[in-house]
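Architecture at a glance
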Protein chains: 2
Amino acid sequence: MTPSRETFEARLRQIGAERYHDLHPFHDLLHGGGCSPDQVRAWVINRYYYQHSIPMKDAAFMSRVEEPALRRAWRSRIEDHDGTDGNEGGIRRWLRLAEAVGLDPAYVASRKGVLPATRFAVDAYVRFVREKTLLEAVAASLTELFAPKIHANRIEGLLKNYEFADDSSLSYFRNRLKEAPKDVAIGQYRVLDHADTAEKQDAAAAALEFKTDVLWSQLDALWGAYVAPARIPPGAWRPGEGLALRRAS
Amino acid sequence: MTPSRETFEARLRQIGAERYHDLHPFHDLLHGGGCSPDQVRAWVINRYYYQHSIPMKDAAFMSRVEEPALRRAWRSRIEDHDGTDGNEGGIRRWLRLAEAVGLDPAYVASRKGVLPATRFAVDAYVRFVREKTLLEAVAASLTELFAPKIHANRIEGLLKNYEFADDSSLSYFRNRLKEAPKDVAIGQYRVLDHADTAEKQDAAAAALEFKTDVLWSQLDALWGAYVAPARIPPGAWRPGEGLALRRAS
């Protein structure tokens, strides 16, 4: 017997409660003001790789969707990240954050110095969406269900604890507060509606777990490389690299 | 101008000298006898995922090779891992190591509890070989150049420091001492011979660097999860799980 829609939704929410990366100690450190400037920079550099990859992930998804209506609904995700005539887009907003923490945005955009483990995890997500069923691909996006809370905490924590934080540098997160609920509404409806057998519910739940692994392992990598006892892997960003040049006045 | 064959070979060897995972502190810990039984188990469980994936990687490579002679030469890699009538093969040998350290080989073979970061890294390697040029795929395999030294150190260190170590449990490594030089001879010849422009040499060097990242990040993940201060990610193996049942006597 297929568990009810409500039971299934509760199962998905439970995955978030147990595995979403808001539970990772790096976020306590970051939001609580415990990160050094270089630790914030390492986070900004590595998280940029995720931002950079998300529209490619969404394009991979759309390349497999045969219904114009679903493609149309999904398209706004790419617009949110890449920008439109009237919206600079999330990737540029992230680069403004990079600038605010003293990094050269061109360095960050080059994706040099990104931890290999970040690349492996994020690339795994793009390929997951390219290769798995559409139901699994949408289910993996449902970590957005849990994102508004972490973004709200982050805005509050960063504003309170760091000099660099202001409306401009944090505009990425403010915009995500508006965008994520729209995205998740489409995805949530789709998953709850289409996972109409126990087997499909299992596959969707596994996809959401996979995505929580993608997010969690990025923070584990950051922690191992840049939080005490820090050990930066060969080739990854080292403090002092990629800084914005101060203008001579 | 294309750098000479000798210059190019020296460049590849330099990558090993700077980035191969024999430099990772986990190996000092392991070979020096500093690992707890559970840390050894965590290593055996996670490294199994790599063993499990390597013949799939080699099959992906062979699926793209059009020369029968090269496929024939490469085929022995799959035989070495999967076994033949007269050779149990590396995967079974690894499972004997698993048994020797107190794990249930069926648990290890199930690949439950493998760290997500291990999966992401190893899967990235399989996909690299599936998607990149044949030259890059072969170049990535050249970490075998550096393997005999680490296997010899490992045999010596494990025999000296751990109860479980004997000829049977370490047969995987003894066999690799014989197999790796044969594999690397084919790969090395191929890469040195085919990288006949500066651009191809760069691509081959980048492929070898990528592979060192794959190996290094597996040890980083292991270290973060199971070496102090250990933090096991959600869903990964916890000490006490997957142990072999003691037989009632």
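Data block above holds the structure.
First, a word on what this report is: a plain description of the structure on this page. (Residues numbered from 1 in each chain as written. Chains lettered and ligands numbered in written order. Predicted model: local features only at pLDDT ≥ 70, side-chain atom pairs only at ≥ 80, totals over all residues.)

**A short note on the nonpolar core**
The condition that has to hold: Take the buried Ala, Val, Leu, Ile, Met, Phe, Trp, Tyr and Cys residues, join any whose C-beta atoms are within 7 Å, and the set you get is a nonpolar core. Neighbour density around each residue's C-beta defines its exposure: 20 or more other C-beta atoms within 10 Å make it buried, 12 or fewer make it exposed, and counts between make it partly exposed, where C-beta atoms are placed from the backbone. For every residue pair, C-beta atoms are placed from the backbone, and the pair is scored as a contact if these atoms sit within 7 Å.
Core analysis: the largest hydrophobic core is formed by 126 residues, its most contacted members being V44 of chain A together with V44 of chain B. Setting aside chain neighbours within four positions, we find V44 of chain B in contact with L97, A98, V101, L103 and V108 of chain B.

**Some words on the interface of chain B and chain A**
To be explicit about the condition: Secondary structure counts use DSSP, requiring at least four H or I residues in a row for a helix and at least two E residues in a row for a strand, with both numbered from the N terminus. Each residue receives one of three labels: charged for Asp, Glu, Lys and Arg, nonpolar for Ala, Val, Leu, Ile, Met, Phe, Trp, Tyr, Cys and Pro, and polar for the others, Gly being one of them.
Taken together, the contact between chain B and chain A spans 21 residues of the former and 21 residues of the latter. At the level of secondary structure, the elements contributing two or more residues to the side of chain B that touches chain A comprise helix 1 (5-19), helix 7 (116-131) and helix 11 (198-226) of chain B. Split into classes, the residues belonging to the side of chain B that touches chain A amount to 10 nonpolar, four polar and seven charged.

**Topic: the relation of the copies chain B and chain A**
Under the convention used in this document: Copies overlap after least-squares fitting; the atoms used are the C-alpha atoms of residues with pLDDT of at least 70 in both.
Least-squares fitting of chain B to chain A yields an RMSD of 0.0 Å, with the superposition described by an axial translation of 0.0 Å and a rotation of 180 degrees. The superposition operator between the copies reduces to a two-fold rotation axis. Relative to the rotation axis, the closest C-alpha in chain B is found at F120 of chain B, a distance of 2.6 Å. Interface overlap between copies: 100% of the residues of chain B at the interface are likewise at the interface in chain A, consistent with a symmetric, same-surface contact.

**Regarding the packing of helix 1 of chain B against helix 11 of chain B**
Residue and element names in this part refer to chain B. Quick reminder of the rule: Angles run from 0 to 180 degrees between N-to-C directions of axes, and those axes are lines fitted to C-alpha atoms, restricted for helices to the stretch in contact. Under this scheme an angle from 65 to 115 degrees is roughly perpendicular, one under 35 degrees roughly parallel, and one over 145 degrees roughly antiparallel; angles in between are oblique. Note: crossing handedness is left-handed where the near helix turns anticlockwise from the far helix by less than a right angle, and right-handed where it turns clockwise.
Contact geometry for helix 1 and helix 11: axes closest at 10 Å, N-to-C directions at 20 degrees. The orientation of helix 1 relative to helix 11 falls into the category roughly parallel. The chirality of how helix 1 crosses helix 11 is right-handed. Judged by residue contacts, F8, R11, L12, I15 and R19 of helix 1 engage Q201, A205, L208, E209, T212 and W216 from helix 11. Grouping the constituent residues of the contact of helix 1 with helix 11 by class yields six nonpolar, two polar and three charged.

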